[in-house]
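Chains, contacts and geometry: an overview
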Protein chains: 2
Amino acid sequence: MMTLAGAGLNLGAKTSVKTAIEEVYASLRQEILNGELAPQSRLRIEELRQRYGVGSSTVREALSRLLVENLVTTEGQRGFHVAPVSIKDFREIVEMRTLLEARAVRESIQHGDDDWESRFVAAHHRLSKIETEMPGREKATVDEWEIRNREFHNAMISACTNLWLLNFREILYNHSVRYLRISLTERTIPRDVRAEHDAIFNAVINRDQDLAEKLTIDHIRKSVAVMEARKLGET
Amino acid sequence: MMTLAGAGLNLGAKTSVKTAIEEVYASLRQEILNGELAPQSRLRIEELRQRYGVGSSTVREALSRLLVENLVTTEGQRGFHVAPVSIKDFREIVEMRTLLEARAVRESIQHGDDDWESRFVAAHHRLSKIETEMPGREKATVDEWEIRNREFHNAMISACTNLWLLNFREILYNHSVRYLRISLTERTIPRDVRAEHDAIFNAVINRDQDLAEKLTIDHIRKSVAVMEARKLGET
DNA sequence: GTCAAATTAAATATCGTTTTTTTATGCCAT
DNA sequence: ATGGCATAAAAAAACGATATTTAATTTGAC
């Protein structure tokens, strides 16, 4: 059965070791995060079963795993739905992200060794570079910018050892990305974030916990204004 | 098929509306939280399938839902396990709980109306009462104390509107309870918490956000010392 | 004509078997 | 003995058919 192996891009030479559940899970996850599956839309088992060429319980289990990150909902005897969106929800996500990411930065600064510092410098450099190249040809570079932006934020907090904190934060980060993608018709960097990144970078490198926390909070909060300007459809 | 309906206590007259998945999920969840299922122990599908008299995919889906709260783990092609425990993990849970519950109290104090306040007063009264009655006959009252303690904490933050915050906090709270139950041979209240509860109560009622936050943090953190004294088996 | 009950259709939930993978056992050569 | 290899046993994953439940439609009474 090569339906799935063909569907998911598998660049490596070896055949994928993932289970069918994981394949379906990963595929649906991407579609939801990309906004290709509309919020609150129904996820019919039979439909997905045929689309992916797998059994119904495989689909159900894949959907069940999406419950972990809150990307789908399920209720009683009436199936699965793509997680809904609302301004209120987005505000709450942002508030939680500020709380968690601020704390993660503090811990990272406290525990971070040379290794962490160089990872962070490298990530900042990569992000900085693309932010310089971007103006004018946004369309071609947004995808790469998104990746490097994530890597920058990840590197920053990679010396934080609290797995619960990192886990919760990642869930929230992914939801943020989803909201941005859903609300964006033309994908482009929502605002000039370069200066913000540089300021955070300097604060972290100088091991200024208070400043790093403050800048991180401001940085994340700014996305609310952007989202509200785009008038995200309320539920 | 009444195997499950008979197993779970169903006091109401109407037949249970829960799905089989939810029944198995709830049952396993309780066993894990109570420490009846040993940390890291394997959860064999076939075994559970027979025990509950359900199909294998029902079991798998129930186990998948336990992934949401991190009560089980799963890896590649080698099944499900009960979530492991460690001192490090417990410390992280406690730290996260302090962070989230402190924030939740602040928001609750800010937004709380009369309704919230009376709910909180009532919950405090109920907890206070059992804490007075307890000394001497701990064994008979711990279960009820646990319930009222939870209700007290829940009522306190019930004016907080951030669903993500409440959701994450509840997961952490449940894990805390699990750790206490696992580490306890004779179930008894770990220490004199009465004064702490009263202090928190007064701070909240006086709408003193800073004090309420501080006391909440201290209150939750104290459990680490208790746990370390009990020398929880490391992984 | 409207509402409600009954019927039909659609979709979810559940089951038990089959396939695939992993782990344990035993054999042989070194 | 020991280490590697083939084989057997066990377990997980996957499948598709069946049973239940919910939603939609029709029918009938007032």
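To be clear, the structure that these remarks concern was listed above.
What comes next is a walk through the structure. (Residues numbered from 1 in each chain as written. Chains lettered and ligands numbered in written order. Predicted model: local features only at pLDDT ≥ 70, side-chain atom pairs only at ≥ 80, totals over all residues.)

This next bit is on the overall build of chain A. Across its full length, chain A holds 10 helices and three strands. Counting helices and strands in the order they occur from the N terminus, chain A gives α-α-β-α-α-β-β-α-α-α-α-α-α. Long-range contacts, defined here as pairs at least 24 residues apart, represent 74% of the contacts in chain A between residues at least 6 apart. (Helix = DSSP H or I, 4+ residues; strand = E, 2+ residues; numbered from the N terminus. Contact = placed C-beta atoms within 7 Å.)

Here the focus is the protein's contact with DNA strand C. Every one of the 22 residues lining DNA strand C counts as a neighbour, but Gly 79 of chain A together with Thr 19, Ala 20, Val 54 and Gly 55 of chain B are closest to it. Mapped onto the surface near DNA strand C, the elements with two or more residues apiece are α3 (45-52) and α4 (56-66) of chain A together with α2 (20-33) and α4 (56-66) of chain B. In terms of residue class, the surface near DNA strand C is built from five nonpolar, 11 polar and six charged. (Near = placed C-beta within 6 Å. Nonpolar A, V, L, I, M, F, W, Y, C, P; charged D, E, K, R; others polar.)

Here we take up the relation of the copies chain B and chain A. Between the two copies, chain B and chain A, the superposition gives an RMSD of 0.0 Å; the rotation angle is 180° and the shift along the axis is 0.0 Å. Both copies are brought into coincidence by an operation consistent with a two-fold rotation axis. Considering only C-alpha atoms, the part of chain B nearest the rotation axis is Val 68 of chain B, at 2.1 Å. Residue by residue, 100% of the interface of chain B is reproduced at the interface of chain A, so both copies engage with the same surface. (Least-squares fit on C-alpha atoms with pLDDT ≥ 70 in both.)

A separate point is the protein's contact with DNA strand D. Around DNA strand D sit 21 residues, and of these Thr 19, Ala 20, Val 54 and Gly 55 of chain A together with Gly 79 of chain B come closest. If you tally residues by element for the surface near DNA strand D, the top one is α4 of chain A, at three residues. Taken together, the residues that form the surface near DNA strand D break down as five nonpolar, 11 polar and five charged.

Residue and element names in this part refer to chain B. The geometry of helix α9 (residues 194-205) relative to helix α10 (residues 209-229) is characterised by a closest axis approach of 8 Å and an angle of 160° between their N-to-C directions. Between α9 and α10, the angle is such that the two are roughly antiparallel. In this structure, α9 meets α10 at a crossing whose hand is left-handed. Of the residues in α10, those in contact with Glu 196, Ala 199, Ile 200, Ala 203 and Val 204 of α9 are Leu 211, Ala 212, Leu 215, Thr 216 and His 219. (Axes fitted to C-alpha atoms, helices over the stretch in contact; angles between N-to-C directions. Parallel < 35°, antiparallel > 145°, perpendicular 65-115°, else oblique. Left-handed = near helix turned anticlockwise from the far one by under 90°.)

Before going further, it helps to spend a moment on the interface of chain B and chain A. Many analyses report the size of an interface as the accessible area lost when the parts associate. Across the contact, 20 residues belong to chain B and 20 residues belong to chain A. Taken together, the elements giving at least two residues each to the side of chain B that touches chain A come down to α4, α5 (87-111) and α8 (163-183) of chain B. Its residues assigned to classes, the side of chain B that touches chain A comprises nine nonpolar, five polar and six charged.

Residue and element names in this part refer to chain A. Here Gln 40, not a glycine, exhibits a phi torsion of approximately 70°, which is positive. Along the chain, Gln 40 falls in the loop between α2 (20-33) and β1 (42-43). Backbone geometry places Asn 70, a non-glycine residue, at a positive phi of 65°. Along the chain, Asn 70 falls in the loop between α4 and β2 (72-74).

This next bit is on the sheet that holds β2 of chain A. All names here are of chain A. If you trace the three strands from one edge of the open sheet to the other, you get β1-β3-β2, paired in antiparallel fashion. With one partner strand each, in any of the chains shown, β1 and β2 form the two edges of the open sheet. Two elements, β2 and strand β3 (residues 80-82), share three bridges in a ladder whose sense is antiparallel. Paired with Val 72 across the bridge in β3 is Val 82. (Pairing = 2+ DSSP bridges.)

With that settled, consider the sheet that holds strand β2 (residues 72-74) of chain B. Working definition: the strands of a sheet are paired by backbone hydrogen bonds and lie parallel or antiparallel to each other. Strand order in the open sheet formed by three strands is β1-β3-β2 (chain B), with antiparallel pairing between adjacent strands. Each having just a single partner strand, β1 (42-43) and β2 of chain B make up the two edges of the open sheet.

For the rest of this paragraph, the subject is helix α6 (residues 114-133) of chain B. Residue and element names in this part refer to chain B. Helix length check: α6 (20 residues) gives 29 Å between terminal C-alpha atoms against 28 Å at 1.5 Å per residue, within 8%. Here α6 has its buried residues at Phe 120, Ala 123, His 124, Leu 127 and Glu 131. The buried residues of α6 all sit within an arc of 100° when viewed along its axis, so they share a single face. With respect to the buried face of α6, the exposed residues turned more than 90 degrees away are Asp 114, Asp 115, Ser 118, His 125, Lys 129 and Thr 132. (Expected span 1.5 Å × (residues − 1). Buried ≥ 20, exposed ≤ 12 C-beta atoms within 10 Å, placed from the backbone. Arc of directions from axis to C-beta.)

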